[in-house]
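Structure assessment
Residue-level listing of the chains:
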Amino acid sequence: MSTSTERELPAVAPAVTAELVAALSPRLRKRLDAGITKLAGRPVVRDGDTVRLTVDDEGSELELHAPGGVVADTAAIRCGCLLAPDCLHRAAAASAAPVADASANTASTEGADGTAGVGAVEATEQPAPLPGVRQIPVPDESATAPQLAAAHAVFDAVAAVLDAGTDGSGAVLQAELLRAAHTARLAGLPRAAAAAVSVVTGVRAARAADPAFRLTELVGAVSEALFVAHRVPHATGAELTGLRGTVRQPYTPDGSLRLYGLFSEPVLTASGYAGAVTWTADAEGRLYTVSDVAPGGTGRAVGAADRAVRIGDTALTHRELARAGLAVSGATVSPTGRLGAGAGVRAVRASGVGWRAEPLDRLWAVPVADQVGRALDGGHDLLFLEVTAVGAVREAAGDCLLADCGGVPLRLTAAHDHPALPHRDNLRLLAAARGSRLRVVARLAAAPHARAQLLATEHPMRAGSRVDVGLDRLQHADLPAPASPPSAAPLAPHAPHAPAAPVHVVRTPDEAPLHLLRRRIEQAASGGRRVLAFPGDSAADVHRLHRHGLGTAGDILDGLLAAAAERSRDAFGRLLPADTGRFARAWLTAARYTDEVDRVLCAAAWGG
C-alpha cells in the first residue's frame, strides 16, 4: 500500500463519468465544479487496484476500483457518505480523474496477442494496388444511421465547448462531450471518439493551470473533433474509412528482423498513461518501435526506461536497447512500425552501432527537405539532423535552443515540460554549448519557421556517445568550454548549475499578418465565442491581411467575427441563444485554413 498527496486517481472510462454526471440532480450539477476543487487537496491512498480518498471533514471515504488501472463501471466508484450513491462525490471523483482511452479496457500496451497500445486510433488508408492484380472498386459506402447520429452529437458537444471556452467548460459540458465520445465509439467512429476525449483532456489541463498545457494542442484537438464530425455525414468510400479510423492497429507477420537501437523517449500523457518508447532501425533504415505504456504517472514515465522490453526472452531494458541491437524472429509489426509481443515472437540481444556507422548513418544522409516533406505528407515525423548550437531563443513558453541546420535557423524545443523529466534542463545546457556540432533526432513541429522537438543528441564531449534528452540528465561538466564569453542571461530557478547561454531576441512568426487570424482562433478556444463578439479593431486586421495578399484569410476572419457577434431576438426583443453550430463551422474553416498555410510555410522554411 502506498500513500501520496499527489493527484494519482486512476483513469475513468468516458461513459462512467457521463453516466454519473447525468444522474445528478440540477442542484448538484451546479455544485459539481466546486466539488471537484474540494477533492484536489485530498490525499490519495492506493492499495493494488483500489484507490481511496477522504471526501469530507467527517472522514467519509470514496473508493475507486480500477482493475488494470481503469475504472470501467459506475459500480466501481463507491462512496461512504450518508447521501451515497446519489451524492456529488462519485461524479466529482470521476470528473477529476484522467479520461481512459478507448482501448484501455483491452490493451494498455502490446499484449500477448499483438494488439496495439494506448491511443492507437489512426486514419486507415486504402492499400496500394498490387501489380498485375485486377482491383475490385470500393463501393461508395455511406455512414450508417448510428454513425450519423453520433457525428452530430460530437459536433454539437464540441461546439458547445468552443462557445463557452475553457473557463466556461465545466464538468457538465465535459461530461456531455464524454457521452458523445462514448456514443461515437459504440457507433464505430473511434477517430471522432478519440478526438473528443482529447478535447476534454485539454480543457481540464487548461482549467487546472497545468504547466504542460499548450493552447495550440487544444486548438488542434478541437479542430480535429469538429472536422471529423462535420465530414462523416458527407463522406463515402475511402474518405469515410479514414474518418472512421480504427482502435487497434492490425499486426502482420514480418519474419526475422535485425534491429539497431536509436534512442528512447519517455511517455507521459494527460489522460493518465506513462512509460517509454524505444526507436530502432533495420539495415534499410526502416524504423520500428518497442513501447511499454500503461496507466500511471510521473514515476512510471521516469522508471520505464529501466524496465525490460516486452519482446521475447530478452532482458534488455529500454535504456540499453537504445544503444544496443535486437535480433527478432517471428516478428509482428503494425503499419506504424510498432513491434508486437505475441507468444510466437522470439528476440535476443545483438550488437548495436553508433549513429555515424552503418546502417544508422544513412538516416542522416537523407536531405532535410525530403525528411520534412515525408513528415508533412503523413509519414513518420522524426528528423535526423546535423546542427550547430548557436544559443537560446526567448519565447513565451520558455527559452529554446537556437541551432544552425545547414544554413537554416532552427529552433529546438522541449518535447515535454514536466519538471520530473529533464527535457527543459538539458535544452538549457545544450544552448550553452555554443559552437558544438551535433547530430540530433527531433520531432517536426509544423510552424511557419523551422521548428522541432529535441529527442536525442550526440554527447557534446564524448565522441560516439548519445543522450536521450527526456531520460538522461546532462551536467555542467558534460559541456565544452564556450569559445567566447556568452552574454549574460538569467538562469531558471530550478537549474542553478546551468551556465548562461546567449539569448537571442528573434522576430517571431506571430508578427506575420497570418497571426491576426491565428490569434482569433486561439482566443475563441480559450475564452469562447464571447471574446470575439466585440471585434474592436477587426476591420483594421481584415484590411491588413488583404493588403499583404492574404485576401482569403481576411475574408475568413471577417466571417468568423460575424458568426461570433450574430445574435437574433424574439418578438419581445430578448436575445435568443447563439447559433453555436454556425460559429463552430466558421471557426473550423479558420483553423483548417491556417493549418494548411502553416504546412506550406513549414515546407518552405526548411527549403522544400
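For the structure itself, consult the block above.
Presented here is a report on the structure given in the accompanying data block. (Residues numbered from 1 in each chain as written. Predicted model: local features only at pLDDT ≥ 70, side-chain atom pairs only at ≥ 80, totals over all residues. Heavy atoms only, no water.)

**Things to note about the overall build of the protein**
Keep this limit in mind: To qualify as a helix, a DSSP run of H or I must reach at least 4 residues; to qualify as a strand, a run of E must reach at least 2; elements of each kind are numbered from the N terminus. Each residue is placed in one exposure class: buried if its accessible area under a 1.4 Å probe, protein chains only, is under 20% of its type's maximum, exposed if it is over 50%, and partly exposed if it falls in between. Any pair of residues with heavy atoms lying within 4.5 Å of one another is described as a contacting pair. Per-residue accessibility takes into account occlusion by the displayed protein chains alone, with areas from the Shrake-Rupley method and a 1.4 Å probe.
When helices and strands are tallied, the protein shows 17 helices and 19 strands. Within the protein, buried positions represent 51% of all 608 residues. Taking as baseline every contact in the protein between residues at least 6 positions apart, the subset at least 24 positions apart corresponds to 65%. Roughly 26800 Å² of accessible area belongs to the protein as shown, and the carbon and sulfur atoms make up 55% of that amount.

**Quick look at the environment of Gln523**
Along the chain, the position of Gln523 falls in helix 14 (residues 515-527). Taking the C-alpha atoms as reference points, Gln523 and Val219, 304 residues apart in sequence, are found 9.8 Å from one another. If we ignore the near neighbours within four places in the chain, the residues touching Gln523 are Gly528, Val531 and Leu532.

**Section: the sheet that holds strand 11 (residues 325-333)**
Basically, it comes down to this: What makes two strands pair is DSSP finding at least two bridges between them. Comment: axis = line fitted to C-alpha atoms, over the contacting stretch for helices; angle = value between 0 and 180 degrees taken between N-to-C directions.
The strand order across the open sheet formed by five strands is 10-9-8-11-12, and the pairing between neighbours is antiparallel. At either margin of the open sheet sits one strand with a lone partner, and together these are strand 10 (287-295) and strand 12 (346-350). Strand-to-strand twist in this sheet, taken as the mean axis angle between neighbours without regard to direction, amounts to 35°. Note: strand 9 (residues 273-281) against strand 10, nine bridges, orientation antiparallel. Each residue of the ladder has a partner; that of Trp279, found in strand 10, is Thr289.

**Remarks on the packing of aromatic side chains**
Here is the rule: Two aromatic rings, drawn from Phe, Tyr or Trp (for Trp, its six-membered ring), form a pair once their centres lie within 6.5 Å of each other, and the interplanar angle then sorts them: stacked below 30 degrees, edge-to-face above 60, tilted otherwise. Put simply, a charge is over a ring when the Lys NZ or the Arg CZ is close to the ring centre, within 6 Å, and near the line of the ring normal, within 35 degrees.
In the structure shown here, the tally under the stated rule is three aromatic pairs. Where Phe263 meets Trp279, the ring centres are 6.2 Å apart and the plane angle is 10°; that geometry is what we call stacked. Here Trp279 lies in strand 9 and Phe263 lies in strand 8 (residues 252-268), a separation of 16 residues in the sequence. Measuring from ring centre to ring centre gives 4.9 Å for Trp355 and Trp364, while their planes differ by 35°; the resulting arrangement is tilted. An identical accessibility class is assigned to Trp355 and Trp364; each is buried. In this structure an aromatic cluster arises from ring pairing among Trp355, Trp364 and Phe384. The residue whose ring lies beneath Arg592 is Phe227, and the NZ or CZ to ring-centre distance is 3.6 Å.

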